[in-house]
Amino acid sequence: MADTTARNGSISPLESELYYLISRYLSTGPCRKAAEALVCELEENQLLPRRLDWEGNEHPRSYEDLVAANRHIAPDHLLQICKQIGPVLDREVPSGVPGVHSLLGAGKHSLLRRSKDCGSSRWKASTFAALHRGRPPERPLSCRDANIVEVCRGRVLTGAQRFSTINPVSNYQHMRMHRRILGHLSAVYCIAFDRTGSRIFTGSDDALVKIWSSFDGRLHSTLRGHYAEISDLAVNFENTLIAAGSCDKSIRVWCLRTCAPVAVLQGHSGSITSLQFSPFVKGSKRYMVSTGTDATVCFWQWDVNNNCFSDRPHKFTERPRPGVQTVCSSFSPGGMFLATGSTDDVIRIYYLGSGCPEKLAELDSHTDKVDSIQFCHSGERFVSGSRDGTARIWRLHQKHQWKSILLDMSATLPGSAPLTEDENFFKPKVTMVSWDRHDNTVITAVNNYLLKVWNSYTGQLLHILKGHEAEVYVLEPHPYDPRVMLSAGHDGNVFIWDLTRGIKTMHYFNMIEGQGHGAVFDCKFTPDGHRFAMTDSHGHLVIFGFGSSKPYEKLPDQVFFHTDYRPLIRDSNGFVLDEQTQQAPHLMPSPFLVDVDGNPHPPRFQRLVPGRENIADEHLVPQLGYVATSDGEVVEQVISQQSAESEEVRHSALDFAIRQLQQHHDRQVVAQGEGGIPAAARVPDPGTPRRVSLNERMDVQSPPNVGLRRSGQVEGVRQMHQNAPRSQMATERDLQAWRRRVVVPELTASGYRAQESFRTSKGDEEVSLYNIKRRRVTHASFRDDSDEEGPCLKRAQSRKRQKNQQRKESLAEEYIEFSCEEGEETASSEDSEMEGSDVDLSIEDEEEWRSDSSSHSSSDYSDWMADAGINLRPSASPSSRRRASRRISSSEEEDEEDEDVADEEQTLDEEEQMSSPRKHKKAKSKMPKPPKPRPPINREISNEFRPPAWITDVIPRKSPFVPQMGDEVIYFRQGHEAYVDAVCRTNLYPINPDRQPWKKMELRDQEFVKITGIKYEVCPPTLCCLKLTQIDPGTGKITDRSFSIKYHDMPDVIDFLVLRQSYDEARNRMWRSNDRFRSVIDDAWWFGTIVCQEPYQAEYPDSHFQCFKVKWDNGETEKLSPWDVEAIPENAEQPESESAGVPVTVEEMIDILYKPQEGEWGDRGRDQESARIIAGIEQLVTI
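Residues numbered from 1 in each chain as written. Predicted model: local features only at pLDDT ≥ 70, side-chain atom pairs only at ≥ 80, totals over all residues. Heavy atoms only, no water.

Chemist: Help me understand the environment of Glu36 in this model?
Modeler: Looking at where Glu36 falls in the secondary structure, it is placed in helix H3 (residues 32-44). Residue classification places Glu36 among the exposed residues on the basis of a relative accessible area of 55%. In this structure, the C-alpha to C-alpha distance between Glu36 and Ser23, residues 13 residues apart in sequence, is 8.1 Å. (Helix = DSSP H or I, 4+ residues; strand = E, 2+ residues; numbered from the N terminus. Buried < 20%, exposed > 50% of the residue type's maximum accessible area, 1.4 Å probe, protein only.)

Chemist: Even after reading the chapter, I still don't get the nonpolar core, so can you show me in this structure?
Modeler: One recurring pattern in soluble globular proteins: nonpolar side chains tend to sit buried together. Ranked by size, the top nonpolar core spans 40 residues in total, and within it Tyr971, Tyr979, Leu1026, Leu1028, Ile1045, Tyr1047 and Leu1057 carry the most contacts. At the level of secondary structure, the elements contributing two or more residues to this core comprise strand E49 (968-972), helix H21 (973-986), strand E50 (1006-1017), strand E51 (1023-1031), strand E52 (1038-1047), strand E53 (1057-1059) and helix H23 (1060-1067). The element that contributes the greatest number of residues to this core is E51, accounting for 5 residues. Counting 30 residues, the second largest nonpolar core, distinct from the first, contains Phe280, Phe331, Trp394 and Leu396. (Core = buried A, V, L, I, M, F, W, Y, C linked by side-chain atoms within 4.5 Å.)

Chemist: Sorry, what's going on with the sheet that holds strand E26 (residues 441-446) here?
Modeler: Think of a sheet as strands paired side by side through backbone hydrogen bonds, with each pair either parallel or antiparallel. On the basis of which strands lie adjacent, the open sheet formed by 4 strands has the order E25-E26-E27-E28 and antiparallel pairing. Of all the strands in the sheet, the pair left with one neighbour each is strand E25 (430-435) and strand E28 (461-465). Direction aside, neighbouring strands of the sheet carry axes that sit 20° apart on average. Across 5 bridges, E26 lies against strand E27 (residues 451-455) in antiparallel orientation. The residue of E27 that forms the bridge with Thr444 is Lys452. (Pairing = 2+ DSSP bridges. Axes fitted to C-alpha atoms, helices over the stretch in contact; angles between N-to-C directions.)

Chemist: Can you walk me through the packing of aromatic side chains in this structure?
Modeler: Geometrically, a pair of aromatic rings is defined through the distance of the ring centres and the angle of the planes. Taken as a whole and assessed by the stated rule, the structure comprises 26 aromatic pairs. Measuring from centroid to centroid gives 5.1 Å for Phe375 and Phe382, while their planes differ by 50°, and the two rings are tilted. Residues Phe375 and Phe382 agree in their burial class; the two are buried. Ring centres of Phe525 and Phe532 lie 5.7 Å apart, and the angle between their planes is 65°; this geometry places the pair in the edge-to-face category. Phe532 carries the same exposure label as Phe525, and that label is buried. An aromatic cluster of three or more residues is present, and its members are Phe337, Tyr351, Phe375, Phe382, Trp394, Trp402 and Tyr770. Across the ring face of Phe237, the terminal group of Arg195 is positioned such that the distance to the ring centre comes to 4.2 Å. (Phe/Tyr/Trp six-rings, centres within 6.5 Å; stacked < 30°, edge-to-face > 60°. Lys NZ or Arg CZ within 6 Å of the ring centre and 35° of its normal.)

Chemist: How should I be thinking about the state of the cysteines in this particular structure?
Modeler: Working definition of a disulfide: a covalent bond connecting the sulfur atoms of two cysteines. A full pass over the atoms with the stated rule returns 0 disulfides. Here Cys1025 stays free of any disulfide, with the sulfur of Cys1024 as its closest cysteine sulfur at 6.7 Å. (Disulfide = S-S within 2.5 Å.)

Chemist: Before we go on, may I ask you to explain the packing of helix H2 (residues 13-27) against H3 in this structure?
Modeler: Geometrically, a packed helix pair is captured by the angle between its two axes and the distance between the axes. Their axes nearest at 8 Å, the elements H2 and H3 cross at an angle of 150°. With respect to H3, the element H2 is oriented roughly antiparallel. For the crossing formed where H2 meets H3, the hand is left-handed. Here H2 contributes Tyr19, Ile22, Ser23, Leu26 and Ser27 to the contact with H3, which in turn contributes Arg32, Ala35, Leu38, Val39 and Leu42. Among the residues forming the contact of H2 with H3, the class breakdown is 7 nonpolar, 2 polar and 1 charged. (Parallel < 35°, antiparallel > 145°, perpendicular 65-115°, else oblique. Left-handed = near helix turned anticlockwise from the far one by under 90°. Contact = heavy atoms within 4.5 Å. Nonpolar A, V, L, I, M, F, W, Y, C, P; charged D, E, K, R; others polar.)

Chemist: How should I be thinking about the pairing of strand E37 (residues 540-545) in this particular structure?
Modeler: Along any regular strand the residues' side chains alternate between the sheet's two faces. Summarising burial for E37: 6 of the 6 residues are buried, a large majority. Burial along E37 is two-sided: the residues His540, Val542 and Phe544 and Leu541, Ile543 and Gly545 are all buried. Of the pairings in the sheet, the one linking strand E3 (residues 176-182) to E37 comprises 6 bridges and is antiparallel in character. Bridge assignment links Arg180 to a residue of E37, and that residue is Val542. In this sheet, E37 lies alongside strand E36 (residues 531-536) in antiparallel orientation, the contact comprising 5 bridges. Residue pairing in the sheet places Met534 in a bridge with Val542 of E37. A loop of 3 residues connects E36 with E37, the two strands running antiparallel in sequence, and Gly539 in this loop sits at a positive phi of about 90°.

This is how it looks when you write it as structure tokens:
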């Protein structure tokens, strides 16, 4: 054939060139004989490329001539061509396995493939079974979605598959709306799933929490008790409890199995803003946290074995200024860290790893309120969103410092169009933040309706998602698919996004017929990710998912129980009873279903109510009639329950017996006349078509097709409390059935163990991380008002106490009265100064304090000179002598007070002649006087001017406290107020209560401070003047805020300055009622018993200052602080009598005194360094 073709001249030039290239390729390889034979045959048949002359005529050429004329053609030229074909073709028509090229491939691997041949290809099981380096290869982008049967078959063959291959993101476009249900009369802001995904919980502004089935939409139960809007819902990890926070300032906890109330927690003075169960696991101890508009963070401890909650929480009050609110919170995966955001622009971090909550840090990088915060799913990172237009990704670094990556919401993608003028002036604000499931990206919602996707490790902007037309407040990651994110907003749009490509996969618009669109307020996925549910502004619950909607079709559009809005009565603890039946709501028999107007649904719908599935048709629907009330108004009433077709009520013998027993019970209740609560109305005899009204019997009419809606009312279902028949009282049979029912199924034993093991391991990781990066951090703002005493109890400082046989109540208990409650706004420093100028004082002593906020070491501050502020002039009697009133200054005022010490002495003389402090200031500036000469040094000093014993004592004692420069102490405002009050009442020296630190600046009940200035005022009494600089409890660094105090040791007045070390040691002790203790008083041990723990004053409910009520062995009772009591060793010496003490030994005194920290005395230690100093002094004395 070739011969024929060649001789006819019909062979193409391309074919002849291919023959030549084949012969050239063979001539340099191992097949040279084949090449020689091929060349001979090519020349014989004239198949080699021909030569053309100038006239276009063809002439045959020999093989040698052809090689000589094409010296640029290498022997392997054909091989190089074949290598180039594959990559070039892949760019146009990608192969099934990228990078793999074959000249012999078939289908999508053939070098003859075309795009139309590969675009419609589908993978089969054998294709899915192909392995590439031990795992299935990625599917080509051109491949369509695989058949799920083939995917599963491939999984069987290979044992493993890539998740993206099994479940492409496009699958989520098949999620459809199963049902929209109207179940609330107000907006529904909260939705949650239980841990199994079988139940949906909704919390609404109508103060109800409802439990729905996620499989068919049935309403299982309504949880009543709140009387204001529901603000947040939380389900515990054990799937046994649900908690609801409300704007009525309370938290209610119900049992999910029976819907019985477990606890009513009332620890907030403002609305609840967030509520969460902590993943924290430690034995049976668990925590739930709540935040509120009162700027408090409450940690509620509960026991997992008996679901018992503590009555009082571990509470942190974070209100640096009035109006601050804590608005959001988030737990780390192991529950050891909690992050909260508030309107004062500060993020606060709390730690539970030590066994009880403590504050770690305050982060103030944001410049506007922080209203969204979220921990990642694995690790210690969290993201915060602020109204300042930024989000920050925080991570714990060394020394407990939290560092952040800034995400600027004004950022744009590279290559995007420049911003318009309006966009440049637009101030972005973050409305919500979230992580994807694998924590690789962070998603932020901005108030310009855009969603931005960021790389969580670098902060790079990856995608901008557009589609919403109003602000977005819902960002919900898929429970296991990191590619999928759900968003919903006030525009009624719900989107499912593909985060890897930045496109939307599914879209739903919440259009309500006849009412426009409904804003979407909350949305959640089920734990398995197969369904999600949302709630809107019109009270709807909307359920979406894969598969058929048939199970939901049997449900009516409007689902209410007739008892939903019946009034309740409340006891002093907040628990409720149904007003009409006098029963707890969870013990009432099964209600019937009604629509929004109060009309009962037909029997086929009534069987959807749990407990009514097997009731006879004639008892499913109530029969209604008109009843006139005592005021003449005609309303509709339920007179019996029967089918719409039946004219007569049929009663079984059992029904008759139950009614007889109920009537007998009612007569007993009426006869007893139980206090204050009206007895329920008497049930009419069976078959009697009348109902007893309040005072008389009224005729009852039964018009057809009547509803339960009262005339003139809009929300008919709210009037159902008028229509409940007396037969709604639960019988014993009802109660027994109710105890056996399970509203929400529990987790399986294996699932619970796996989940708890995961949380425990995560918690251990976080504790290890905390310990690795730990340094000594101080916390001054924690206040624990729980009744339980634990090792985490925060203590303050010890104080002096004088004990005698005739001792009565402490003087401080008699005269302390507080006028400013915790958290109440106090006057500013300027206002206080103006008010102080009006008091009847002739002398104003301005104390000069100079601080250097950039230094943190006590060595950076110097003591005052011995002559600074010390007046050795003899004084008049206490009645005639006029002393200077001190002016307590904050750090802002200190910069303005720049007078020297000589002016202070001059001012004292000058002010004795002035009648007004204001005139004094003016005269001082115009008529300066020269300083008076000092009295002779060898002048005899009166005893009243000599230093008191508590200053000059050389024997170390724990109390009274003697300050030293650089001491880190806890300042207790409560004790300082008691001292000021005692001075005023005893008239020891003039003191102005309106010039105290708490009048000049915002002070908490306890502050962590450092002594940065000491001066003694030598006058009766000798006063110790201290400058106290506040220390940041999160960083341990001193701040620029400081205040000044004067004090001296007074009998029966408690020390309000306590060494930090004593405070920390007291925290580690655990005291309970009836525990024995001993306390050091006047160098002796006195023994007693702890009676209870209670606040010393109601104004300071969180303070531990004198929080223990104790009983001494002699029978007297007294108040002590936790740092005043010590444990009794087993070999401790006991007193000879109940009214006697035991002397403190030297070793015991050393044990309770301050212990130097490493490095405080250099390398030598305190004892060696003290001996060296003493030796030096003795040597100087001998010179």
